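Examination of the molecular architecture
Take a look at the letters that make up each chain.
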Number of protein chains: 2
Amino acid sequence: MNDYAKRKLHNELRLLLGTRFSTDSTVRETHATDASYHQGALPNAVAFPKTNGEVSKIVKCCARYSVPIIPYGTGTGVEGAAVGTEGALCVSLSQMNNILRISSEDRDATVQSGVTRNQLNTHLNEIGTQLHFPVDPGADASLGGMAATRASGTSAIYYGTMLDNTLGITVVTSDGSIIQTGGRARKSAAGYDLTRLFIGSEGTLGIITEIILKLIPLPEAVSAAVSAFPTVEAAVNTVIKLMESGINIARIELLDELQMDAVNNYSNLDYQAAPTLFLEFHGSTNTVKESSEVADRIASDNGCIDFRWATDEKERKRLWQARYDSYYAALNLRPGSVGYVTDVCVPISQLTECISRTKSILAKSDLIATMLGHVGDGNFHVVLPLMSGNGDELNEARQISDQIVDIALKLGGTCTEEHGIGIGKKAALEKEHGKAVDIMRTIKLALDPNNIMNPGKIFI
Amino acid sequence: MNDYAKRKLHNELRLLLGTRFSTDSTVRETHATDASYHQGALPNAVAFPKTNGEVSKIVKCCARYSVPIIPYGTGTGVEGAAVGTEGALCVSLSQMNNILRISSEDRDATVQSGVTRNQLNTHLNEIGTQLHFPVDPGADASLGGMAATRASGTSAIYYGTMLDNTLGITVVTSDGSIIQTGGRARKSAAGYDLTRLFIGSEGTLGIITEIILKLIPLPEAVSAAVSAFPTVEAAVNTVIKLMESGINIARIELLDELQMDAVNNYSNLDYQAAPTLFLEFHGSTNTVKESSEVADRIASDNGCIDFRWATDEKERKRLWQARYDSYYAALNLRPGSVGYVTDVCVPISQLTECISRTKSILAKSDLIATMLGHVGDGNFHVVLPLMSGNGDELNEARQISDQIVDIALKLGGTCTEEHGIGIGKKAALEKEHGKAVDIMRTIKLALDPNNIMNPGKIFI
């Protein structure tokens with residue numbers, strides 16, 4: 001794109017958006033990165049639309065000049081799906097933050113995609129509904145970003161992921177069309193499931209501008225427990241038995257001994273530095289009591305060395321805050337570090353094997369690495385705090401991540417459970433899905449023939 | 001296709017499949033229709049492959065001769081998705097009926113797509129797992145057919161639909177490639193969600209040959225109840241309150257007074273001929289007891305005129321068999337009739353309005369019509385028993401169905417909750433999804449450029 005064309009495009013966008021169009025270098029820098037070590041190129045400019053119509057016009061302008069478009073939520077991703085591309089326009093959805101409709105009776109909400117999950121839940125509480133939106137990836141991410149990356153998180157084992165909790169979306173496609181997929185009906189067999197095609201497409205097929213979400217009744221009762229084990233194997237066996245028991249488990253998280261040590265230090269807690277499960281139960285008072293008792297028994301049967309309840313809400317919140325902060329706790333093991341994170345998921349029968357082979361690989365490296373994950377689903381994350389700008393460390397971390405992915409794939413798993421492909425796992429996607437990636441590419445080419453929607457992401 | 005080409009194709013297929021390739025007229029007739037009034041053209045031949053490789057070869061042969069392919073499961077669909085097309089080859093999946101793998105620990109199963117849901121559940125019971133596959137559309141449909149039509153049914157309110165319970169599929173695409181989507185990991189963010197793109201695509205994007213399914217622990221306890229109300233409104237209000245209460249409801253079905261009358265006659269039961277809810281609760285003994293008590297109270301508060309428990313397994317089975325037979329019970333109101341069925345789904349707050357407007361339309365017609373549905377999701381079906389070959393009746397039924405769809409769409413609903421588009425609801429799909437149908441068409445064209453995969457279905 002020559003300077004003249006660039007000036008023309010920027011003038012058009014400035015006319016459309018006024019001060020909500022920015023070429024300021026700080027603004028551009030903020031929108032070049034996400035929460036990980038991935039560093040993208042500076043986008044040429046950042047647009048802050050407020051309406052579907054504005055997004056449509058932005059896309060039409062960019063299409064005319066063949067300018068790449070990068071949708072940007074809260075920048076809390078960790079695989080580089082939203083990082084900058086040379087010559088691109090970043091479209092921040094942060095000012096599309098209106099909650100458009102709540103229906104208590106239908107238990108659904110329609111929101112603009114810049115609304116964050118905490119914003120929605122706070123609103124649901126303030127207006128006195130007994131409902132919540134349960135998908136909880138830890139970060140206070142935008143719901144549009146969560147849809148675009150098929151976000152999951154700690155409560156997915158019980159409440160499902162964005163895949164399960166999204167009823168429909170409004171999306172602006174590569175020619176600027178505004179499309180409505182799905183709808184407010186709870187179920188539909190009307191044609192192809194475009195909603196779930198766009199969910200997880202990481203902005204490569206269009207810009208998600210609005211979302212219709214399921215809302216869930218708040219549980220009558222909640223209890224949480226922390227349970228330490230002598231080995232990861234004992235912890236995972238406990239998880240398998242818990243899942244088989246059919247009891248209602250809302251969250252079940254594993255943290256390894258080093259991660260627990262990091263969490264104790266960072267969040268000022270005094271748990272054992274041992275492989276540990278964080279558990280939470282939701283339901284009626286009786287169900288929660290019953291589930292808790294079953295869990296306590298199963299944990300004991302599997303050699304649990306410490307089992308502590310946190311029924312008090314304050315204590316529970318502190319506990320889960322510590323779990324959410326565990327990424328920062330891991331980084332704190334090396335002050336000044338940035339995080340290299342990888343996440344895989346395997347059939348749960350293979351989880352012990354996968355973790356144990358991963359530990360062997362990590363043992364051969366001098367890098368520090370912690371492990372944690374949504375083990376009820378067979379997932380775990382490895383966090384490697386790296387010194388910023390150290391190319392050797394980054395290369396080593398990449399090799400370690402590749403090896404972990406290889407192990408997971410051999411054990412029947414996936415290269416990423418919830419972080420997505422972005423720019424970090426493009427080769428892994430090919431390894432995992434082979435010819436199916438050609439089908440994905442065919443769809444991408446059909447829906448975005450000029451490759452302007454977040455190019456360079458997902459596909460090699 | 002000229003006769004010479006046809007003979008050549010048939011020779012190739014006979015060479016490949018031997019007696020599992022048939023041009024017998026009775027076989028072709030059986031594969032021209034589904035369980036509804038929709039009547040397709042006779043396919044030229046029917047193939048019965050046993051392996052992915054054979055399906056791939058069949059598709060490659062047909063692609064070479066540009067012969068349309070119609071995948072066929074158990075023929076239990078009701079919107080004509082599997083009915084015959086002029087000059088087509090019908091590919092019956094009935095001999096791809098092997099259960100390939102069961103993992104109790106991972107709670108998943110891999111099956112060929114001709115395995116029926118009862119076959120799978122019987123097997124799970126026989127080998128002593130405490131697991132079941134819960135999606136239950138009533139008919140003993142093939143699991144591949146259920147995936148291809150995004151089947152749902154009575155238990156979807158609690159266990160989800162095929163969308164929620166399928167982890168991955170093997171599909172043969174229009175060029176004969178064998179593609180694996182998804183996998184055995186419980187969750188994945190690896191690229192586009194092809195699994196859910198193929199689910200509900202009604203054979204228009206490829207032939208589903210294998211499926212990886214989630215299995216669910218059998219509930220410790222089950223109880224069922226039948227609850228009669230003075231009005232449909234009172235029944236629906238009960239449903240809304242039950243859903244808000246957050247209790248575990250495994251099934252919640254509404255049958256109107258005429259449908260109840262038909263069921264009483266057909267299944268020799270003695271319930272009141274009043275708007276009636278069939279309820280079922282799954283969970284631990286305590287949870288089920290608790291849920292049942294809450295349901296009983298909520299029903300009473302909403303003017304229930306008769307509430308009967310069916311805790312005994314035999315009684316429960318009889319009750320649900322009567323529910324499943326309600327389609328035939330409705331047809332029995334006019335002996336010798338065929339069924340015209342339509343199903344819509346609206347946000348539950350609009351269900352009373354939708355049913356009441358539908359009743360007004362039906363009242364103006366001389367046709368008999370019953371109503372029943374999965375009301376917990378806001379769905380209902382209308383069954384119109386028509387005299388076979390009576391064009392006037394068929395036209396009138398079509399007009400009624402169109403009007404019901406219009407009402408549902410105006411109330412924020414969908415033109416079909418679970419029956420799909422097939423050939424019966426192509427115009428309704430356009431009305432509902434407008435420009436989004438263009439996106440569906442673009443995908444169809446990209447993945448099946450010669451339009452050989454079940455052509456004439458879904459799209460006008």
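Residues numbered from 1 in each chain as written. Chains lettered and ligands numbered in written order. Predicted model: local features only at pLDDT ≥ 70, side-chain atom pairs only at ≥ 80, totals over all residues. Heavy atoms only, no water.

With that settled, the discussion passes to the overall build of chain A. Along the backbone of chain A there are 17 helices and 18 strands. A compact globule built from 460 residues would reach a C-alpha radius of gyration of about 23 Å, and chain A, at 22 Å, matches this within 12%. With respect to the principal axes defined by its C-alpha atoms, chain A has extents near 70 × 55 × 40 Å. The contacts of chain A with a sequence gap of at least 6 include a subset with a gap of at least 24, amounting to 72%. Counting every atom, chain A has about 16,200 Å² of accessible surface; 47% of that belongs to carbon and sulfur. Within chain A, the 52 negative side-chain charges are centred at a point lying 7 Å from the centre of the 42 positive side-chain charges. (Helix = DSSP H or I, 4+ residues; strand = E, 2+ residues; numbered from the N terminus. Rg over C-alpha atoms; globule rule 2.2 N^0.38 Å. Contact = heavy atoms within 4.5 Å. Areas by Shrake-Rupley, 256 points an atom, 1.4 Å probe, with all protein chains shown as cover. Lys, Arg positive; Asp, Glu negative; His and termini not counted. Charge placed at Lys NZ, Arg CZ, Asp CG, Glu CD.)

Residue and element names in this part refer to chain B. Most of strand 16 (residues 337–345) is tucked away, with eight of its nine residues classed as buried. In the sheet, strand 16 pairs with strand 18 (residues 379–387) via nine bridges, with the strands oriented antiparallel. Its bridge partner lying in strand 18, Val338 is registered against Leu386. (Buried < 20%, exposed > 50% of the residue type's maximum accessible area, 1.4 Å probe, protein only. Pairing = 2+ DSSP bridges.)

Moving on, we get to the interface of chain A and chain B. Between chain A and chain B, the contact holds 77 residues from the first and 77 residues from the second. When the shortest N-O distance is used, the salt bridge between Glu417 of chain A and Lys187 of chain B registers 2.9 Å. The interface formed by chain A and chain B includes 26 residue pairs in polar contact (both at pLDDT 80 or more). Put simply, the parts of the chain that give the side of chain A that touches chain B at least two residues each are helix 7 (162–165), strand 9 (178–182), helix 8 (194–198), helix 9 (232–245), helix 11 (285–301), helix 16 (426–433) and helix 17 (435–447) of chain A. Among the elements that make up the side of chain A that touches chain B, the one with the highest residue count is helix 17 of chain A (nine residues). Broken down by class, the residue content of the side of chain A that touches chain B amounts to 28 nonpolar, 30 polar and 19 charged. (Salt bridge = Lys/Arg side-chain N within 4 Å of Asp/Glu carboxyl O. Polar contact = N/O pair within 3.5 Å; in protein donor to acceptor, adjacent residues only side chain to side chain. Nonpolar A, V, L, I, M, F, W, Y, C, P; charged D, E, K, R; others polar.)

On to the pairing of strand 13 (residues 251–255) of chain A. Residues and elements named next belong to chain A. In terms of burial, strand 13 is a largely internal element, five of the five residues being buried. The alternating pattern of strand 13 places Arg251, Glu253 and Leu255 on one face and Ile252 and Leu254 on the opposite face, and all of these are buried. Relative to strand 14 (residues 276–283), strand 13 runs antiparallel, the two being bridged by five bridges. Residue pairing for strand 14: Arg251 is matched across the bridge by Glu280. As paired elements, strand 13 and strand 17 (residues 370–373) share two bridges and run antiparallel to each other. Within strand 17, the position partnered with Leu254 by the bridge is Gly373.

A few words now on the pattern of salt bridges. Residue and element names in this part refer to chain B. Throughout the structure, instances matching the rule amount to 54 salt bridges over all chains. In this structure, Glu54 and Arg20 form a salt bridge, with 2.8 Å as the shortest nitrogen-oxygen distance. Taken together, the residues span a long stretch of sequence, with Glu54 in helix 3 (residues 52–65) and Arg20 in the loop between helix 1 (3–17) and strand 1 (21–22) at a distance of 34 residues. Taking relative accessible area as the criterion, Glu54 reaches 12% and is therefore assigned buried. Note that Asp136 and Arg251 form a salt bridge whose closest N and O atoms lie 3.0 Å from each other.

Here we come to the sheet that holds strand 10 (residues 207–214) of chain A. All names here are of chain A. Read from one edge to the other, the open sheet built from five strands follows the order 5-6-10-8-9, with strand pairing classed as antiparallel. Bordering the open sheet on either side are strand 5 (99–103) and strand 9, each of which pairs with just one other strand. Within this sheet the neighbouring strands show an average axis-to-axis angle of 10°, counted without direction. Inspection of the sheet shows strand 8 (residues 166–172) paired to strand 10 by six bridges, in the antiparallel sense. Within strand 10, the residue paired with Gly168 across the bridge is Ile212. (Axes fitted to C-alpha atoms, helices over the stretch in contact; angles between N-to-C directions.)

So, on to the sheet that holds strand 3 (residues 69–72) of chain A. All names here are of chain A. The mixed open sheet is built from four strands, whose spatial order is 1-2-4-3. Here the strands that pair on one side only, and so sit at the sheet edges, are strand 1 (21–22) and strand 3. In the sheet, strand 1 pairs with strand 2 (residues 45–47) via two bridges, with the strands oriented antiparallel. The partner of Phe21 across the bridge, within strand 2, is Ala47.

Attention now goes to the packing of helix 14 (residues 351–363) of chain A against helix 15 (residues 391–410) of chain A. All names here are of chain A. Remark: helix 14 packs on helix 15, axes separated minimally by 10 Å, with the N-to-C direction vectors making an angle of 155°. The angle between helix 14 and helix 15 falls in the class roughly antiparallel. As for how helix 14 packs across helix 15, the hand of that crossing is right-handed. Each of Cys354, Arg357, Thr358, Ile361 and Leu362 in helix 14 lies in contact with helix 15, whose residues at this interface are Ile400, Gln403, Ile404, Ile407 and Ala408. Broken down by class, the residue content of the contact of helix 14 with helix 15 amounts to seven nonpolar, two polar and one charged. (Parallel < 35°, antiparallel > 145°, perpendicular 65-115°, else oblique. Left-handed = near helix turned anticlockwise from the far one by under 90°.)

Over its 14 residues, helix 9 of chain A extends 20 Å from the first C-alpha to the last, a length consistent with the 20 Å expected when each residue adds 1.5 Å. Listed as buried for helix 9 of chain A are Val232, Ala234, Ala235, Val236, Thr238, Val239, Ile240, Leu242 and Met243 of chain A. Buried-residue contacts for helix 9 of chain A involve helix 6 (156–159), strand 13, strand 14, helix 11 and helix 14 of chain A together with strand 11 (216–217) of chain B. Backbone geometry just after helix 9 of chain A places Gly246 of chain A at a positive phi near 75°. (Expected span 1.5 Å × (residues − 1).)

A few words now on the confidence of the model for chain A. Detail in the predicted coordinates should be disregarded across regions flagged by low pLDDT. Looking at chain A as a whole, the pLDDT averages 95, with 100% of positions reaching at least 70. Here the predicted complex scores 0.96 on pTM and 0.96 on ipTM. (pLDDT = per-residue confidence, 0-100.)

Right, let's talk about the relation of the copies chain A and chain B for a bit. With an RMSD of 0.0 Å, the fit of chain A onto chain B corresponds to turning through 180° and sliding 0.0 Å along the axis. On this basis, the relationship between the two copies can be described by a two-fold rotation axis. A symmetric contact is evident, with 100% of the interface residues of chain A recurring at the interface of chain B. (Least-squares fit on C-alpha atoms with pLDDT ≥ 70 in both.)

Judged by nonpolar contacts, the single largest core of 185 residues is most densely connected at Leu120 and Leu384 of chain A together with Leu120 and Leu384 of chain B. With residues up to four places along the chain from it excluded, the contact list for Leu384 of chain A reads Val338, Gly339, Tyr340, Leu362, Leu367, Ile368, Ala369, Ala397 and Ile400 of chain A. (Core = buried A, V, L, I, M, F, W, Y, C linked by side-chain atoms within 4.5 Å.)

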